[in-house]
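Descriptive analysis of the structure
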Amino acid sequence: MENKSKAKELKDDFWKSKKLLVTTGKIADDIQEDSSESKGPTLKPSVTDLREWDMKLLERYTPFYAPFCDMCCLCTYGKCDLTGGKKGACGIDIEAQQARFVLLACCIGSAAHSGHARHLLEYLIEKKGENFPIDMGTNIDIEAPIMRVVMGKKPKTLGDLKDALDYLEEQMMHLLSACHTGQEGKSIDFESKALHAGLMDNLGKEIGDLAQIAALNMPKGEDAPLVELGMGTIDKEKPVVLCIGHNVAPGAGIVDYLEDQELEDDVEVCGICCAALDITRYNPGAKVVGPISKQLKFVRSGVADVVVVDEQCVRTDVLEEARKNQACVIATTDKICLGLPDLTDEDADKIVKQLVNDEIEGALILDPDKVGEVATRVALKISKDREALKKLPDLQEIQEMAKECNECGWCVRVCPNNQPMMEAVTSAVEGDFSKFQELYENDVCYTCGRCEQECEVNLPLISMLTKVGEHYTKDEKFNVRAGRGPVQDVEIRKVGAPIVLGDIPGVIAFVGCTNYPEGGEDVAKMAEEFLERNYIVVTSGCGAMSIGEYRDQEGNTLYERYSGDFDAKGLVNVGSCVSNAHIPGACIKIANIFAKKPLEGNFEEIADYILNRVGACGVAWGAYSQKAAAIATGINRWGIPVVVGPHGTKYRRLFLGRTDQPEKWKINDLRVGEVIDGEPAPEHLLYAAENREEATVVIAKLCIRPNDTSKGRQIKLNHYLDLHKKYFGTLPDDVVKFVRTEKDIPITYKKEVLKLLEEVGWEPRALPQEPSLMKFREEKASDKGDSK
Amino acid sequence: MNERVTPWQPTVIAGPKQALLVTPETAEMMIVKAKRPLMVVGPLINDNPAQVLVSKIAEKWNIPIVSTGDAFKSLTEAGVPSKSYGLVEIVNLLKDPEWKGVSGEGNHDLVLFIGVIYYMGSQGLSTLKHFAPHLKTLTLCKFFHSNADASFPNMKDEEWLKYLEKLAKID
Ligand code: SF4
Ligand code: SF4
Ligand code: SF4
């Protein structure tokens, strides 16, 4: 494989800042080594070890439940009706049942990431050996911030990552076991376990991403190139291999085979979902079709000759859909076997022959290198014949088909977003395809296919939509910055102080899937709004692709307009779902590098630091999966708030603060040893907004932290007030809660805010010096004494 | 008839407890009986002909309005006063019997919903169905909401506006 990472150039300020740390005596560098003296209290935390911290969070951010189902059908006593305060036959109530479901979702999500990490690690160890070094280059010393905190260890080799996975798998088993009937009984304890599952999710992702970055030589935090994105970037004249899912191994196998055989220019390799992003981290020549919302329409389009599926977020009917246009399917992991024969040990020639001659529907091949060979050879062989196939109806046929519609309206009712599919069909009868086109663009219709399933007259609605889209949208060509992996320590040295003091108003991470209420453009517009306002914007996965699919009036994508630096106005794509680990990772590094908090076994102190000082906010606008549930819950445990879109309420649980209860916002000022009045910052830990306008304002507010200096608070409030004015027309009433002294008031709004303050009889209050939810040092010391 | 009381998005059906189908007359009786009603207005009402009827209904019975999403802006521009909350925030407050309500006089005993995104509204109504026995919910959208205590049926615009007009009419 070609080494595509650029030679590492040490930035000028790197040694300077390092020296600065050295001269201040206690240095971050001390912590890099695996010294046993400085380990904190929660090394390899068990299910209950961080319960006290969880309770602190849950006391302030009380779980809010929105049951998705009134009943429970988990065991044969059921179904049990849990309405009206009734308990199930096992004694569980509706709150605990919701929380159990959340735990289950977090376990599934976390297991998906960690199962993926386990596969990847074993494959890479087999390829490179246990002793293959984890070297993140000279600009990164803290290569695995989450692992350092949780495991208390610096992983030096691929083999070292196994310890962390072993620990994680044990925890996951206990957590899943708690979901059994007759185990945990209180919602609050289910939540603490869900938070633990979230932490395991974060750890699993870090293991997975670190392994692939190190062993496959993916970018190590340096600026990554722009790669092609969009259905229109795929050269349909060539044989096309499409990878769907999240595991880079089969895709890397294909890329390697093409390189070995010098076929790179003869075959198109492209992907959907995170597999696509990760293949481009391995080889920027690969193309990204787009996020998960493209899946059904791209498979239906028939452009792909071979569809290679690995794991997570793959349509479970992919085989049936691919067969509709005689594409071949290769399944590549034990997660998705699709009923196909296991040909892993079969001779490649024979598999190719069977697939080309249609003797088998597809194949299960659990060896990524063999997948590379078979997928390529099959694509080369069948592509010519497939050209003659008619894969989609033409416009005239669509017009004819549309006449069958009896206007029952059920396509609209069953659509998760009630998109006007019927209108698209009835307009097509008149030869007007614009309504189909409106659904097609920006994935306003995310091709879930529910309407088609419902249609009484069996109209192939997705094929119709795809054809119209294909016909009118010739230039769906965009770009996305390839995932760069972690944030470099050098960057943290530069931005740590401005973030903690508030000069950089916040770090906002747009992550997650495409269950958007109104298409992908909302995500890009939010990102644009915050980039223009000097925030650091981080992204990953399908969110990163949605951002790339938007062009401004001048025709530029946000990746073209903004640099990939982790700095104000930077738009950083960390990579795939597993790369999300670098987002809490960056916050942890701020606590360590900037504030010199020791990492090892020190979860609570780090999370407390992040909660009170690091103005970061996650946004999962289209979160749909159990993985997204686990990611968000894990992020929450680190003290980082998350905003989800309206569909996020279907996760059944949010963590909401109550601004009308001032006692909930009291904080311990550890420096002065006093409990002082705080403010609702951050106000919520997991919040669902109804539309983009509301979300934008909430995100700005959720970046406020007790630790902001007056200057920082002014900057943050200025954005909050601006945005509130823009989307709500007025200043927000609650601004009074965030003004501690007059110096906190943004100059532009001074007069108006002073008036509001006067109306509520506002009194100034002290700025905390070391805001915290942790106990005062003396209390801690006496606790220790007691336990002795 | 069934058509009208199958939840608008049919899969929000949560279990055995379903909303009561109401006419404008029954809705009116519920409002008249309530001591401290509240109206929650969502962003689907922005630029909608129903907006003016919503304001008339609120005026007729002196019902305070909470706006969700970004509905505040469009209501304010139409001269309709409201207090802005996130949908999940207001539901979270409503489920607490100790909460003092938007006017500080005590929690509300009847909450009318209109214009909230359907499936999200359905989730909020589910919260209140399970955790707020101290209040009743009534939905005035053109969609049947099975998670409410009482709901208008699924209707086309024309019929729906007539329902709202009836409710807004000063006798
Ligand atoms: S787990 Fe409990 S609530 Fe669920 S079906 Fe069994 S007895 Fe009923
Ligand atoms: S495919 Fe799904 S999102 Fe698209 S219109 Fe049909 S139901 Fe709605
Ligand atoms: S479900 Fe089919 S028949 Fe009914 S309105 Fe939609 S397209 Fe027409």
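Residues numbered from 1 in each chain as written. Chains lettered and ligands numbered in written order. Predicted model: local features only at pLDDT ≥ 70, side-chain atom pairs only at ≥ 80, totals over all residues. Heavy atoms only, no water.

What to know about the sheet that holds strand β7 (residues 150-151) of chain B
Pairing between sheet strands relies on hydrogen bonds along the backbone, with the strands arranged either parallel or antiparallel. Residue and element names in this part refer to chain B. Spatially, the seven strands line up as an open sheet ordered β1-β7-β6-β5-β2-β3-β4, and their pairing is parallel. Edge strands, defined here as strands with exactly one partner in the open sheet, are β1 (20-21) and β4 (83-84). Pairing of β1 with β7, which is carried by two bridges, proceeds in the parallel orientation. By the bridge assignment for β7, L20 is matched with A150. Relative to strand β2 (residues 37-41), helix α3 (residues 50-61) is tilted by about 165°, and along the sheet it contacts β2, β3 (65-67) and β5 (110-114). Where helix α5 (residues 87-94) meets the sheet, it contacts β2, β3 and β5, and its direction lies at approximately 160° from that of β2. (Pairing = 2+ DSSP bridges. Helix = DSSP H or I, 4+ residues; strand = E, 2+ residues; numbered from the N terminus. Contact = heavy atoms within 4.5 Å. Axes fitted to C-alpha atoms, helices over the stretch in contact; angles between N-to-C directions.)

Some thoughts on the domain arrangement of chain A
Residue and element names in this part refer to chain A. Once the domains are mapped, chain A shows domain 1 (38-216), domain 2 (226-390), domain 3 (395-473) and domain 4 (484-772). Computed over C-alpha atoms, the centres of domain 3 and domain 4 are 38 Å apart. Between domain 3 and domain 4, the residue contacts involve seven residues of the former and 10 residues of the latter. Note on domain 3 versus domain 4: buried area summed over both sides is about 640 Å², and carbon and sulfur give 33% of it. Considering only the surface of domain 3 that becomes buried against domain 4, N417, N442 and Y446 emerge as the three largest contributors, covering 63% of it. Our enumeration of links across domain 3 and domain 4 arrives at zero salt bridges. Seen at the junction of domain 3 and domain 4, the total is six residue pairs in polar contact (both at pLDDT 80 or more). (Domains from an automatic or database assignment. Buried area = accessible area lost by both parts, 1.4 Å probe. Salt bridge = Lys/Arg side-chain N within 4 Å of Asp/Glu carboxyl O. Polar contact = N/O pair within 3.5 Å; in protein donor to acceptor, adjacent residues only side chain to side chain.)

Description of the interface of chain A and chain B
How big an interface is tends to be reported as the loss of accessible area on association of its parts. Residue-level contacts link 47 residues of chain A with 42 residues of chain B. In this assembly, chain A packs against chain B so that about 3,600 Å² is buried in total across both faces, 55% of it on carbon and sulfur atoms. On the chain A side of the contact with chain B, R413, E690 and F728 of chain A bury the most area, a combined 22% of that side's loss. Summed over the shared surface of chain A and chain B, the number is three salt bridges. A salt bridge links D96 of chain B to R658 of chain A, with the nearest nitrogen and oxygen atoms 3.0 Å apart. For the pair chain A and chain B, the number of links is 22 residue pairs in polar contact (both at pLDDT 80 or more). Of all elements in the fold, only β1 (62-65), α4 (94-128), α15 (410-414), β17 (653-656), β20 (686-688), α27 (692-702) and α28 (710-728) of chain A reach the threshold of two or more residues within the side of chain A that touches chain B. The element that contributes the greatest number of residues to the side of chain A that touches chain B is α15 of chain A, accounting for four residues.

Re the packing of aromatic side chains
Enumeration according to the criterion identifies eight aromatic pairs over all chains in this entry. On the numbers, 5.9 Å between centres and 75° between planes, the contact of Y61 of chain A with W665 of chain A is edge-to-face. In this pair, Y61 of chain A sits in the loop between α3 (51-60) and β1 while W665 of chain A sits in the loop between β17 and β18 (667-669), placing the two residues 604 residues apart along the sequence. Judged by centre distance (6.4 Å) and plane angle (85°), the ring pair of Y720 of chain A and F738 of chain A falls under edge-to-face. Within this pair, whereas Y720 of chain A is found in helix α28, its partner F738 of chain A is found in the loop between α28 and α29 (750-759), the two being separated by 18 residues in sequence. What makes F738 of chain A buried here is its relative accessible area of 0%. Site record: aromatic cluster; members linked through ring pairs are W8, Y118 and F143 of chain B. Sitting over the ring of W410 of chain A, R413 of chain A keeps its end group 4.2 Å from the ring centre. (Phe/Tyr/Trp six-rings, centres within 6.5 Å; stacked < 30°, edge-to-face > 60°. Buried < 20%, exposed > 50% of the residue type's maximum accessible area, 1.4 Å probe, protein only. Lys NZ or Arg CZ within 6 Å of the ring centre and 35° of its normal.)

Considerations on the pairing of β5 of chain B
Residues and elements named next belong to chain B. Across the five residues of β5, five count as buried, placing the element largely inside the fold. Residues L110, L112 and I114 point to one face of β5 and V111 and F113 to the other, with burial holding for every one of them. Taken together, the five bridges between β2 and β5 define a ladder with parallel strand orientation. Paired with P37 across the two strands is L110, which belongs to β5. Relative to strand β6 (residues 136-139), β5 runs parallel, the two sharing four bridges. Bridged to L112 within β6 is L138.

Digging into the site of ligand 2
C415, P416, M421, C445, Y446, T447, C448, G449, R450, C451 and I462 of chain A make up every residue found near ligand 2. A class-by-class count of the residues in the shell around ligand 2 yields eight nonpolar, two polar and one charged. (Near = heavy atom within 4 Å. Nonpolar A, V, L, I, M, F, W, Y, C, P; charged D, E, K, R; others polar.)

Notes on the pairing of β17 of chain A
Within a regular strand, the side chains alternate between the two sheet faces. Residues and elements named next belong to chain A. Residues of β17 alternate between two faces, with R653 and F655 on one and L654 and L656 on the opposite face, all of them buried. Note: β1 against β17, four bridges, orientation antiparallel. Residue pairing across strands places P63 opposite F655, the latter belonging to β17.

Details of the pattern of salt bridges
Residue and element names in this part refer to chain A. Applying the stated criterion across every chain, the model contains 71 salt bridges over all chains. Its salt-bridge partner being R118, residue E122 comes within 3.3 Å of it at the nearest N-O pair. Of the two residues, E122 and R118 are both situated in helix α4; the distance of four residues between them amounts to about one turn of the helix. Given the relative accessible area of 42%, E122 is considered partly exposed. In this structure, D744 and R740 form a salt bridge, with 2.7 Å as the shortest nitrogen-oxygen distance. Among the residues examined, R740 registers a relative accessible area of 0% and is labelled buried. A single salt-bridge network, built from bridges that share partners, covers E679, D708, R713, K716 and R765.

As for helix α25 (residues 603-613) of chain A
Counting buried positions along α25 of chain A yields 10 of 11 residues, so the element is predominantly enclosed. Regarding α25 of chain A, the residues found buried are F603, E604, I606, A607, D608, Y609, I610, L611, N612 and R613 of chain A.

Examining the sheet that holds strand β19 (residues 674-676) of chain A
All names here are of chain A. Pairing in this open sheet of three strands is antiparallel, and the strands run β19-β18-β21 from one edge to the other. The strands lining the two open edges of the sheet, one partner per strand, are β19 and β21 (771-772). As defined by bridge partners, β18 adjoins β19 across three bridges and the pair is classed as antiparallel. The partner of D669 across the bridge, within β19, is E674.

Concerning unusual backbone geometry
All names here are of chain A. Geometrically, the link from G78 to K79 is a cis peptide bond, its omega value of 5° lying close to zero. Turning to its location among the elements, K79 is positioned in the loop between β2 (71-72) and β3 (80-81). Its identity as a non-glycine residue notwithstanding, L338 has a phi of 55°, on the positive side. For L338, the location among the structural elements is in the loop between β9 (328-331) and α12 (348-356). Positive phi is not limited to glycine here, since N442 has a value of about 55°. Here N442 is to be found in the loop between α17 (434-440) and α18 (450-454). We classify N442 as partly exposed; its relative accessible area is 30%.

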